[in-house]
Amino acid sequence: MTIHLFNTLTRRKEAFRPLDEQRVTMYACGPTVYNYAHIGNARPAVIFDLLYRILSRRFPKVVYARNITDVDDKINQAAAELGVPIQVVSERFAEAYHQDMAALGVGRPTIEPRATDHIDQIITMIQTLIDKGHAYVAEEHVLFDVEQFPDYGSLSRRNKRELIAGARVDVAPYKKGPGDFVLWKPSTEAQPGWDSPWGRGRPGWHIECSAMSAAHLGEIIDIHAGGQDLVFPHHENEIAQSRCAHGTDVFARYWMHNGFVTVEKRKMSKSQGNTLIVHELLKTWPGEVLRYVLLSAHYRQPLDWSEKVLEQARATLDRLYGLLRDHLNGQVSEPDAAVIEALEDDLNTPTALAALNGLARQLADADQADKAELAARLQSSGSVLGLLQQQPSAWFESMRKAIEIDESEIRKLIEQRNQARRDHDFETADRIRDELIERGIELRDGPEGTSWEVASR
RNA sequence: GGCUAGGUGGCAGAGUGGUUAUGCAGCGGCCUGCAAAGCCGUGUACCUCGGUUCGACUCCGGGCCUAGCCUCCA
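Residues numbered from 1 in each chain as written. Chains lettered and ligands numbered in written order. Predicted model: local features only at pLDDT ≥ 70, side-chain atom pairs only at ≥ 80, totals over all residues. Heavy atoms only, no water.

Some remarks on a positive patch on the surface
On the surface, a cluster of positive charge is made up of Arg11, Arg12, Arg157 and Arg158. Note that Arg11 resides in the loop between strand E1 (4-7) and strand E2 (12-15). (Patch = residues over 30% accessible without salt bridge, like charges linked within 9 Å, V, L, I, M, F, W, Y side chains within 5 Å. Areas by Shrake-Rupley, 256 points an atom, 1.4 Å probe, with all protein chains shown as cover. Salt bridge = Lys/Arg side-chain N within 4 Å of Asp/Glu carboxyl O. Lys, Arg positive; Asp, Glu negative; His and termini not counted. Charge placed at Lys NZ, Arg CZ, Asp CG, Glu CD. Helix = DSSP H or I, 4+ residues; strand = E, 2+ residues; numbered from the N terminus.)

Digging into the side chain of His224
Mapping His224 onto the fold places it in strand E9 (residues 221-227). Given the relative accessible area of 0%, His224 is considered buried. Setting aside anything within four residues of it in sequence, one finds His224 in contact with Tyr27, Cys29, His235, Glu238, Phe251, Ala252, Tyr254, Trp255 and Met256. (Buried < 20%, exposed > 50% of the residue type's maximum accessible area, 1.4 Å probe, protein only. Contact = heavy atoms within 4.5 Å.)

A look at the domain arrangement of chain A
Often the size quoted for an interface is simply the accessible area lost on bringing the parts together. Annotation of chain A at the domain level lists domain 1 (17-258), domain 2 (263-398) and domain 3 (405-454). Of note, the centres of domain 1 and domain 2, computed from C-alpha atoms alone, are 32 Å apart. Contacts between domain 1 and domain 2 engage 29 residues on the former and 36 residues on the latter. In total, domain 1 and domain 2 occlude about 2700 Å² of area from one another, counting both sides; carbon and sulfur atoms represent 64% of this. In terms of surface lost to domain 2, no three residues of domain 1 exceed His38, Ile39 and Arg43, which account for 26% of the buried area on that side. Joining domain 1 to domain 2, the criterion identifies two salt bridges. When the shortest N-O distance is used, the salt bridge between Asp229 and Lys267 registers 3.3 Å. (Domains from an automatic or database assignment. Buried area = accessible area lost by both parts, 1.4 Å probe.)

Comments concerning the pattern of salt bridges
Within this structure, the stated rule accounts for 23 salt bridges. Among the ionic pairs, Asp222 bridges to Arg253, the shortest N-O distance being 2.8 Å. With Asp222 in strand E9 and Arg253 in strand E10 (residues 252-258), this pair connects stretches of sequence that are 31 residues apart. According to the relative accessible area criterion, Arg253 is partly exposed, its value standing at 22%. Here Asp346 ties to Arg300 by a salt bridge, and the two come within 2.6 Å at their closest N and O atoms. Note that Asp346 is positioned in the loop between helix H11 (337-344) and helix H12 (349-365) and Arg300 in the loop between helix H9 (287-296) and strand E13 (303-305), a separation of 46 residues in sequence. For Asp346, a relative accessible area of 0% translates into the label buried. If you follow the salt bridges from partner to partner, you end up with Arg66, Arg108 and Glu112 in one network.

Comments concerning helix H7 (residues 231-246)
Look at H7: 21 Å from first C-alpha to last across 16 residues, which is about the 22 Å you get at 1.5 Å a residue. Most of H7 sits out of view: 14 of its 16 residues are buried. Just downstream of H7, Gly247 is the residue with a positive phi angle, here 65°. (Expected span 1.5 Å × (residues − 1).)

Section: the nonpolar core
Counting 75 residues, the largest nonpolar core has Ile39 and Leu55 as its most contacted members. The greatest single-element share of this core, amounting to 10 residues, is contributed by helix H1 (residues 39-58). Dropping the residues within four chain positions of it, Leu55 is found in contact with Ile3, Phe16, Val24, Met26, Val62 and Ile223. Residues Val146, Trp198, Ala245 and Phe251 belong to the second largest nonpolar core, which totals 37 residues. (Core = buried A, V, L, I, M, F, W, Y, C linked by side-chain atoms within 4.5 Å.)

Focus: the pairing of strand E3 (residues 24-28)
Burial analysis of E3 places five of its five residues in the buried class, which makes it a mostly covered element. Neither face of E3 is open: one carries Val24, Met26 and Ala28, the other Thr25 and Tyr27, and all of them are buried. Two strands pair when backbone bridges link them, and E3 and strand E4 (residues 62-66) are joined in this way by five bridges, in the parallel orientation. Paired with Val24 across the two strands is Val62, which belongs to E4. Read from E3 through H1 to E4, the crossover connection turns out right-handed. As judged from the three bridges shared by E3 and E9, these two strands associate in the parallel manner. The residue bridging Met26 from the neighbouring strand is Ile223, located in E9. (Pairing = 2+ DSSP bridges. Right-handed = clockwise from strand over helix to strand, strands pointing away.)

Below, the structure is given as structure tokens:
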């Protein structure tokens, strides 16, 4: 089956055919490193990492670039507040980002270009745009002239007149057109800056992605991805810059945009102050639970975050890991075709998870002889989704860590209870069990003795 | 105001012109000293009004509602 992807450019699901099967290129807008990532920032990281894995199954080489924006006024502000150089801020949060994403099972992209390492390319690109008449200099700024690009608005389906009518911002007086956007802006002494033909300054936000994408992937790339809120103006501007600079008809052939994570149905965003920081969530939840939740809705749909969905994901993973614990025996297997098929159909993760759970049911129903193979298939299918990769014992162990427990004491109580049971003193036995339940511990009497788990709720 | 998504069972969330999504919770059963876990079984879901059709939750049109973008934002 061919991979199908929903293309924002056409608003349709299309068969994915790369320009060069030997070298598929994708670019995702990465973080601006001035703060810890919230769960909404994690969604594209998880989703497009998954896309990268799916593509890599089909194509011999996929080059995935995800940038780090390390020059930005918010970083400057954070540095000023902390009284440290901006590099300290960007380094610190880039590292935190890597750690948090790793906890969610997100791998590193092929390339992770940083804006500050590409100032030369940015300046060159801006100069090209000026030379070709697509940009102009005004009061030490360089601006992109939207009027010179007839296709402006094609991605976001806006026309320039509407943009002007709906503009809610004051237009800077030096702009020729209200939709013109900054490619380069002057820096004060205190701000980070680089020498350029237009004086000491720093790049505008949009140009870095165009420059780095061209530098590492080429003038035309296969896939460009990011959050829905980037469609306009960020991606629209990237298209304008890149196509005008390179004289091409197309910049990215497929555009993909993920929906938002919401809280109580409202968009999670730093400006609204309703963010849930991944770093904090990881203190109470295993990364795998967060990942499961992020995969539980289709990537283009909004995903409403709540304690409840976390509990549900946890319960489901508990069951799956329980099956693996009981039936895995070192066999290996290919992933289930239904899981792959669902993912290749525009990353339909809910259907893929349904297939995964269907496999779990099959395993539960199967004859003893088939269980090991099915368990291996379950684990292997999970791996495509970046799930079920821990040792089951490690999973249950991590659950135990969530609450303060003295294991030896529990073992002692279990032994007391079992003695009482042997004595048919069920009153005592039940009392001990109830005490443990009070402390969030559930006992399980099995053929091999009594084990315990942290209770679900 | 312009533009873009979406309204599915108790909750989460896929999907399809006429067949079981799936998960979580609930209920009944098996198992158990009693439980828990597990397993089995179970639930007449598709905002509204028209239209197309032999037949629509699924296609088309109107309405209502929600969210998002138009400003930094994943």
